[in-house]
Amino acid sequence: MGEKIKLEHGAGGEIMEELLRDVILKTLTLKSAGGIGLDALDDGATIPFGDKHIVFTIDGHTVKPLFFPGGDIGRLAISGTVNDLAVMGAKPLALANSMIIGEGLDMEVLERVLRSMDETSKEVPVPIVTGDTKVVEEPIEMFVITAGVGIAEKPISDAGAKVGDIVLVSGTIGDHGIALMSHREGIAFETELKSDVAPIWEVVEAVAKAIGWENIHAMKDPTRAGLSNALNEIARKSNVGILVREDAIPVKPEVRAASEMLGISPYDVANEGKVVMAVAREHAEEALEAMRKTKRGKDAAIIGEVIEEYRGKVLLETGIGGKRFMEPPAGDPVPRIC
């Protein structure tokens, strides 16, 4: 027998990259419909359609527990798919929902998840137009797979960052992963840690209206393996260096405290309601102001810039002025969080 699949193969870090590159991409031969295809390993694919582009994405959700502080698997499924469309510059048009349900799940739980999906889709708004339901005897509660279709005037890739660009993040980092891990470990704080899970189309659209799609050069939602992985993907795919300043990255005090207790960096865990952007330097302050005027972007910050040196790498400037590489994690240190 050969190598077996491990949890790390789905955790969003370097081990998952190896699986995608060395197994999936090598095996599948038809990977594009004329636009951005599977081989780009972006947040979705694009299909040229007249003078616009259809953007298509799909995502599986296996979070455990189904309900967690700040959200649940239903809110996560809708937000995750909407956000994959949003970071490619696509206005969400419609969603599909497939549920794999374990035999014995309480009907009340299913209804609660569906209500959450409905409420979250109304926030965007985007309709759930089709779906599929399977029930299995395996000892699982529920897995949810959502697909989404959107329309983009000018698709945004995570490979478009340019030297001189300014890097922004739409809010505090590490909220989702650290909230789930703290919940699992029973760590209590005076202020309850909550997931940031939310659709971010409003934030992306606000920036585009303020500075124009052409001035947003790259975007990524820092989900599995967190901010570290998202920045490294942008740097590697764009063939640029990225310098970020540690004291500029917004992290809630309770998230930082929990991270230290758990021995986990908040930069390495999933966020489910944030966007990382590289925008033209001359429009950075406008982009920041536009983000901060939205409900989901009030804690937005400029965290760094795109540089010519150290192409393909991310440099972190520490609070005392030193610099070190911000390496992508091998995988997300917190399993089953998205």
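Summary of the structure given here.

Section: the overall build of the chain
Here is step 1 of the chain: Scanning the chain from terminus to terminus reveals eight helices and 14 strands.
Here is step 2 of the chain: Computed over its C-alpha atoms, the radius of gyration of the chain comes to 19 Å, within 12% of the 20 Å expected for a compact globule of 338 residues.
Here is step 3 of the chain: Along the three orthogonal principal directions, the C-alpha set of the chain runs to about 55 × 55 × 50 Å.
Here is step 4 of the chain: For the chain, the residues scored as buried account for 53% of the 338 residues in total.

Remarks on the nonpolar core
Here is step 1 of the chain: Grouped together as the largest cluster of nonpolar side chains are 80 residues, with contacts concentrated most on Ile-216, Ile-242 and Ile-249.
Here is step 2 of the chain: The contacts of Ile-216, once residues within four sequence positions are left out, are Ile-156, Val-207, Ala-208, Ile-211, Met-277, Ala-278 and Val-279.
Here is step 3 of the chain: Membership of the second largest hydrophobic core comes to five residues, among which are Val-55, Met-88, Ala-90 and Ala-152.

Re the packing of aromatic side chains
Here is step 1 of the chain: The tally for this structure, following the rule as stated, stands at two aromatic pairs.
Here is step 2 of the chain: For the ring pair Trp-201 and Trp-213, a centre distance of 6.2 Å and an interplane angle of 20° mean the geometry is stacked. Taken together, the positions of Trp-201 in helix α5 (residues 201-211) and Trp-213 in the loop between α5 and β9 (216-220) put the pair 12 residues apart, joining distant regions of the chain. When sorted by exposure, Trp-201 lands in the same class as Trp-213, which is buried.
Here is step 3 of the chain: Their ring planes at 75° and their centres at 5.6 Å tell us that Tyr-310 and Phe-325 sit as a pair that is edge-to-face. With a gap of 15 residues between them, Tyr-310 in the loop between β12 (301-307) and β13 (314-317) and Phe-325 in strand β14 (residues 323-325) connect regions that are remote in the sequence.
Here is step 4 of the chain: Geometry around Phe-67 places Arg-112 over its ring, the cationic atom sitting 3.7 Å from the centre.
Here is step 5 of the chain: The positively charged end of Lys-313 is found above the aromatic ring belonging to Phe-325, 5.9 Å away from the centroid.

Some thoughts on the side chain of Ser-182
Here is step 1 of the chain: Looking at where Ser-182 falls in the secondary structure, it is placed in helix α4 (residues 175-185).
Here is step 2 of the chain: A distance of 2.8 Å separates a polar atom in the side chain of Ser-182 from the backbone oxygen of Ile-178.
Here is step 3 of the chain: Beyond its immediate sequence surroundings of up to four residues, Ser-182 is in contact with Ile-187, Phe-189, Leu-193, Ala-258 and Leu-262.

Topic: the environment of Gly-164
Here is step 1 of the chain: Summarising the element assignment, Gly-164 is placed in the loop between β7 (142-152) and β8 (166-169).
Here is step 2 of the chain: Sequence separation between Gly-164 and Gly-2 is 162 residues, and the spatial gap between their C-alpha atoms is 46 Å.
Here is step 3 of the chain: Residues in contact with Gly-164, not counting those within four places in the same chain, are Arg-281 and Val-306.

What to know about the sheet that holds β13
Here is step 1 of the chain: If you walk across this open sheet you meet the seven strands as β9-β11-β8-β12-β10-β13-β14, and the pairing is mixed. Strands at the two margins of the open sheet, each flanked by one partner only, are β9 and β14. Looking at each pair of strands side by side, their axes are set apart by 25° on average, direction ignored.
Here is step 2 of the chain: Here strand β10 (residues 241-245) runs beside β12; their pairing, made up of four bridges, is antiparallel. The residue bridging Val-244 from the neighbouring strand is Gly-304, located in β12.
Here is step 3 of the chain: Seen against the sheet, α5 touches β9 and β11 (276-279) and runs at an angle of roughly 175° to β9.

Topic: a nonpolar patch on the surface
Here is step 1 of the chain: Residues Val-23, Ile-24, Leu-28 and Leu-38 make up a contiguous nonpolar surface patch of about 290 Å² in total accessible area.
Here is step 2 of the chain: Structurally, the position occupied by Leu-38 is in the loop between α1 (14-27) and β1 (45-49).
Here is step 3 of the chain: By relative accessible area, Leu-38 is classed as partly exposed at 36%.

Re a negative patch on the surface
Here is step 1 of the chain: Negative charge collects at one region of the surface, where Glu-3, Glu-14, Glu-18 and Glu-327 lie side by side.
Here is step 2 of the chain: Examined against the element boundaries, Glu-14 turns out to sit in helix α1.

Looking at the environment of Ser-32
Here is step 1 of the chain: With respect to the helices, strands and loops of the structure, Ser-32 is situated in the loop between α1 and β1.
Here is step 2 of the chain: Separated by 15 residues in the primary sequence, Ser-32 and Ile-47 place their C-alpha atoms 8.3 Å from one another.
Here is step 3 of the chain: A polar contact of 3.0 Å, which involves the side chain of Ser-32, links it to the backbone nitrogen of Gly-34.
Here is step 4 of the chain: Within the local environment of Ser-32, its side chain forms a polar contact with the backbone oxygen of Gly-35, the two atoms lying 3.2 Å apart.

Concerning the packing of helix α2 (residues 73-86) against helix α3 (residues 107-123)
Here is step 1 of the chain: Between α2 and α3, the least distance of the axes is 7 Å, while the angle of their chain directions is 35°. Both α2 and α3 take part in a crossing whose hand is right-handed. Packed against α2, whose contacting residues are Ile-73, Gly-74, Arg-75, Ala-77, Ile-78 and Ser-79, the element α3 presents Val-113, Ser-116, Met-117, Thr-120, Ser-121 and Glu-123 at the interface.
Here is step 2 of the chain: When grouped by side-chain class, the residues that make up the contact of α2 with α3 number five nonpolar, five polar and two charged.

Brief notes about unusual backbone geometry
Here is step 1 of the chain: Cis geometry is adopted by the peptide bond preceding Pro-65, which originates at Lys-64 and carries an omega value of 5°.
Here is step 2 of the chain: Relative to the helices and strands, Pro-65 is located in the loop between β2 (52-61) and β3 (67-68).
Here is step 3 of the chain: The residue after Val-124, namely Pro-125, is reached through a cis peptide bond having omega -10°.
Here is step 4 of the chain: With respect to the helices and strands, the residue Pro-125 is situated in the loop between α3 and β6 (128-136).
Here is step 5 of the chain: Its identity is not glycine, yet Leu-41 carries a phi of approximately 50°, on the positive side.
Here is step 6 of the chain: Looking at the secondary structure, you find Leu-41 in the loop between α1 and β1.
Here is step 7 of the chain: Positive phi, normally seen in glycine, also occurs at Tyr-310, with a value near 55°.
Here is step 8 of the chain: Judged by its relative accessible area of 46%, Tyr-310 is partly exposed.

What counts, and at which threshold
- Residues numbered from 1 in each chain as written.
- Predicted model: local features only at pLDDT ≥ 70, side-chain atom pairs only at ≥ 80, totals over all residues.
- Heavy atoms only, no water.
- Helix = DSSP H or I, 4+ residues; strand = E, 2+ residues; numbered from the N terminus.
- Rg over C-alpha atoms; globule rule 2.2 N^0.38 Å.
- Buried < 20%, exposed > 50% of the residue type's maximum accessible area, 1.4 Å probe, protein only.
- Core = buried A, V, L, I, M, F, W, Y, C linked by side-chain atoms within 4.5 Å.
- Contact = heavy atoms within 4.5 Å.
- Phe/Tyr/Trp six-rings, centres within 6.5 Å; stacked < 30°, edge-to-face > 60°.
- Lys NZ or Arg CZ within 6 Å of the ring centre and 35° of its normal.
- Polar contact = N/O pair within 3.5 Å; in protein donor to acceptor, adjacent residues only side chain to side chain.
- Pairing = 2+ DSSP bridges.
- Axes fitted to C-alpha atoms, helices over the stretch in contact; angles between N-to-C directions.
- Patch = residues over 30% accessible without salt bridge, like charges linked within 9 Å, V, L, I, M, F, W, Y side chains within 5 Å.
- Areas by Shrake-Rupley, 256 points an atom, 1.4 Å probe, with all protein chains shown as cover.
- Salt bridge = Lys/Arg side-chain N within 4 Å of Asp/Glu carboxyl O.
- Lys, Arg positive; Asp, Glu negative; His and termini not counted.
- Charge placed at Lys NZ, Arg CZ, Asp CG, Glu CD.
- Left-handed = near helix turned anticlockwise from the far one by under 90°.
- Nonpolar A, V, L, I, M, F, W, Y, C, P; charged D, E, K, R; others polar.

Keep in mind that these numbers describe shape and distance, not what the molecule does.
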